[in-house]
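Single-letter residue listing:
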Amino acid sequence: MEKRRELWIDAAKGLSIIFVVMGHSGDGLFTHYLFWFHVPLFFLLSGMVFKPTIPKEYLSWAWKRTRGLMTPYFAYGLLITMILLIFTFDLKSLAGNLVRLLYGGLSLTGPFGVLWFITCLLFTQLIFGFVVRFTMRTQLLLIASCYLLAHLISLTSLKSFNLPWNIDVALLAITYYALGYYGKRLIPLLIGRIAALPLLILLCAGILYMDYKGILSYSLNMKYKEYDALLLDLVIPVLFSLLICAISFWLSKRLPLKGLGYLGRNTIAIMYLHLPVNYALKYLLGMEYGLIVFTVIGVGIPVLITLIASYSPVLSKLFLGHSGSRRPAVSVGESIATPR
């Protein structure tokens with residue numbers, strides 16, 4: 001049972017990273033709907049594998065978390081910066097990109113666009129790692145307060161204020177993260193029921209139909225703090241996340257899913273590279289291409305880079321989050337280290 005649980009979580013992570021790539025392809029329809037849940041799903045899955053530490057070890061734990069996430073952040077960020085310099089030979093742009101990399105948040109656009117997620121994930125983990133020391137009642141009150149404060153920010157002029165590293169977005173993200181953590185035992189039981197998958201399909205299809213007919217008008221973009229529906233920002237992302245989990249769970253019982261499992265264990269390079277790789281190819285080819293090609297390139301080339309880098313301890317440490325020896329890379333949702 002344990003192995004199957006790990007497989008479906010890896011498979012769900014694999015689907016998640018594919019959805020992230022698809023969501024950045026520029027296809028308006030896919031972007032609209034995938035943005036409803038693809039980032040919340042990452043936080044929920046991350047919460048499911050979160051392992052808290054005791055209060056007296058919090059500072060050393062927090063430092064390890066920070067180092068584990070920020071080493072690849074700066075490694076990939078500097079790599080992208082140097083490649084852009086080679087393309088442009090513009091020293092002024094070089095300085096600007098370095099400043100943007102250091103400040104993060106809404107200033108990260110173009111090939112840097114997805115890097116906001118990593119710092120947001122870091123603060124979400126650090127906040128939640130501190131919160132879990134309290135009683136359950138206090139934990140729930142603090143998380144609910146963060147959720148309400150996030151929506152207050154989204155509904156006021158504070159929405160346009162660019163805090164470093166998207167710190168304020170962690171106020172919303174911690175809710176999805178907490179749902180994964182508190183539901184780590186309940187979620188497998190829920191999605192393991194025979195009626196769960198058809199019920200979730202029916203509910204999600206109904207939401208899609210209402211949006212298509214204009215009965216419901218919903219959008220979600222965590223990076224730009226576009227979350228102004230207090231109830232729906234909880235219901236819709238969670239329902240669609242549970243649907244993906246249920247699909248992964250039931251497929252894992254009937255299919256090996258080794259490919260999706262591999263992607264789920266090696267999300268870090270795909271997360272960082274799918275945008276810059278596609279930007280570079282579009283620039284070199286002088287042409288645009290659609291969703292399918294964008295997704296194949298955005299997943300395939302980073303996976304090849306992962307395989308190559310895994311042979312080098314130095315490259316593995318910098319870009320894959322481990323020390324080499326062809327170990328699986330640290331994935332976005334794991335407890336040590338990694339979307340508009």
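Calculation notes
- Starting afresh in each chain, residues are numbered from 1 along the sequence in its written order.
- Where local features are concerned, this predicted model is filtered to residues with pLDDT of at least 70; where side-chain atom pairs are given and counted, the filter is 80 or more; whole-chain, interface and lining totals use all residues.
- Water and hydrogen atoms were dropped before computing side-chain values, which therefore reflect all heavy atoms in the structure.
- The rule for a disulfide is simple: a pair of cysteine sulfur atoms within 2.5 Å.
- Numbering of helices and strands runs from the N terminus; a helix is a DSSP stretch of H or I covering at least four residues, while a strand is a stretch of E covering at least two.
- What qualifies as a polar contact is a pair of N or O atoms within 3.5 Å, subject to a donor-acceptor requirement within protein and to the restriction that residues adjacent in sequence count only when both atoms come from side chains.
- We call two residues in contact whenever any of their non-hydrogen atoms come within 4.5 Å of each other.
- For a helix, the expected span equals 1.5 Å multiplied by the residue count minus one.
- Bend at a residue means the angle formed by two fitted axes: the first through the 7 residues ending at that position, the second through the 7 residues beginning there.
- Axes, fitted as lines to C-alpha atoms, cover a helix only where it is in contact. Angles between the N-to-C directions of the axes lie from 0 to 180 degrees.
- Note that the term roughly parallel is reserved for angles under 35 degrees, roughly antiparallel for angles over 145, roughly perpendicular for angles of 65 to 115, and oblique for everything else.
- UniProt positions are given in the numbering used here, feature names are shortened, and annotations may be inferred rather than shown by experiment.
- A pair of Phe, Tyr and Trp rings is counted when the ring centres sit within 6.5 Å of each other, with Trp represented by its six-membered ring. The angle between the planes then sorts it: under 30 degrees is stacked, over 60 is edge-to-face, the rest tilted.
- For each residue, the accessible area found with a 1.4 Å probe, counting protein chains only, is set against the maximum for its type, and the residue is called buried under 20%, exposed over 50%, and partly exposed in between.
- Two limits define a charge over a ring: the Lys NZ or Arg CZ must be within 6 Å of the ring centre, and within 35 degrees of the ring normal.
- Using a grid of 1 Å spacing that covers the protein atoms alone, one calls a set of points a cavity when a 1.4 Å probe fits there but cannot get out, and a pocket when the set is open and has protein on both sides within 12 Å along at least five of seven lines; lining residues are those with an atom within 4 Å of a point.
- Grid points are joined across faces, edges and corners, and a volume is the space filled by probe spheres set on the points.
- Each residue is assigned to one of three groups, with Ala, Val, Leu, Ile, Met, Phe, Trp, Tyr, Cys and Pro labelled nonpolar, Asp, Glu, Lys and Arg labelled charged, and all others, Gly among them, labelled polar.
- Whenever Lys or Arg places a side-chain nitrogen within 4 Å of a carboxyl oxygen from Asp or Glu, that contact is recorded as a salt bridge.
- Among buried residues, those of type Ala, Val, Leu, Ile, Met, Phe, Trp, Tyr and Cys that are joined through side-chain atoms within 4.5 Å constitute a nonpolar core.

### Section: the state of the cysteines
Taken as a whole and judged by the stated rule, the model has zero disulfides. Not engaged in a disulfide, the cysteine Cys120 finds its nearest cysteine sulfur in Cys146; these two sulfurs lie 12 Å apart.

### Side note on the side chain of Thr81
Mapping Thr81 onto the fold places it in helix α4 (residues 58–88). A polar contact is formed between the side chain of Thr81 and the backbone oxygen of Gly77, at a distance of 2.8 Å. Dropping the residues within four chain positions of it, Thr81 is found in contact with Leu94, Asn97, Leu98 and Phe112.

### Topic: helix α13 (residues 267–285)
An ideal rise of 1.5 Å per residue puts 27 Å on 19 residues; α13 measures up with 26 Å between its terminal C-alpha atoms. Where α13 bends most, at Leu273, the angle is about 45°, and the proline Pro276 comes one to four residues later. Looking one or two residues beyond α13, the residue adopting positive phi is Gly286, at roughly 65°.

### Points about the packing of α4 against helix α6 (residues 116–131)
Remark: α4 packs on α6, axes separated minimally by 10 Å, with the N-to-C direction vectors making an angle of 170°. Taken together, the axis directions place α4 and α6 in an arrangement best described as roughly antiparallel. Taking contact as the criterion, the partners of Tyr58, Trp61, Ala62, Arg65, Thr66, Leu69, Met70 and Tyr73 in α4 are, on α6, Ile118, Thr119, Leu121, Leu122, Gln125, Leu126, Gly129 and Phe130.

### As for the UniProt feature "domain: Acyltransferase" (unreviewed entry) in the protein chain
According to UniProt, the feature "domain: Acyltransferase" (unreviewed entry) maps to residues 7–309 in the numbering used here. Across residues 7–309, the secondary structure splits into 72% helix and 0% strand, with the terminal C-alpha atoms separated by 24 Å.

### Quick word on the packing of aromatic side chains
Following the criterion strictly, the structure yields 27 aromatic pairs and no others. A ring pair is formed by Trp36 and Tyr218, whose centres lie 5.5 Å apart and whose planes are at 70°; its orientation type is edge-to-face. Of this pair, Trp36 sits in the loop between α2 (28–34) and α3 (38–48) while Tyr218 is found in the loop between α10 (196–212) and α11 (232–254), placing the two residues 182 residues apart along the sequence. The residues Trp36 and Tyr218 share a single accessibility class, namely buried. The ring of Tyr58 has Arg133 lying over it, and the distance from NZ or CZ to the ring centre is 5.3 Å. Lying over the aromatic face of Tyr289, Lys282 brings its terminal NZ or CZ to 5.2 Å of the ring centre.

### Concerning the layout of surface pockets
Approximately 510 Å³ is the volume attributed to the second largest pocket. Breaking the lining of the second largest pocket down by element, the ones donating at least two residues are α4, α5 (91–103), α13, α14 (291–309) and α15 (313–320). Ranked by residue count, the leading element in the lining of the second largest pocket is α13, at eight residues. A breakdown of the residues in the lining of the second largest pocket according to their chemical character gives 22 nonpolar, two polar and one charged.

### Observations regarding the pattern of salt bridges
Taken as a whole, this structure holds three salt bridges when the rule is applied. Of the charged contacts in the structure, one is a salt bridge between Lys282 and Glu288, with a shortest N-O distance of 3.2 Å.

### Some remarks on the nonpolar core
If you look at the biggest cluster of nonpolar residues, it comprises 103 residues, and the most contacted ones within it are Phe43, Phe117, Phe128 and Met222. For Met222, the contacting residues outside a window of four places in its chain are Val39, Pro40, Phe43, Trp116, Val169, Leu172, Ala173, Tyr176 and Tyr227.

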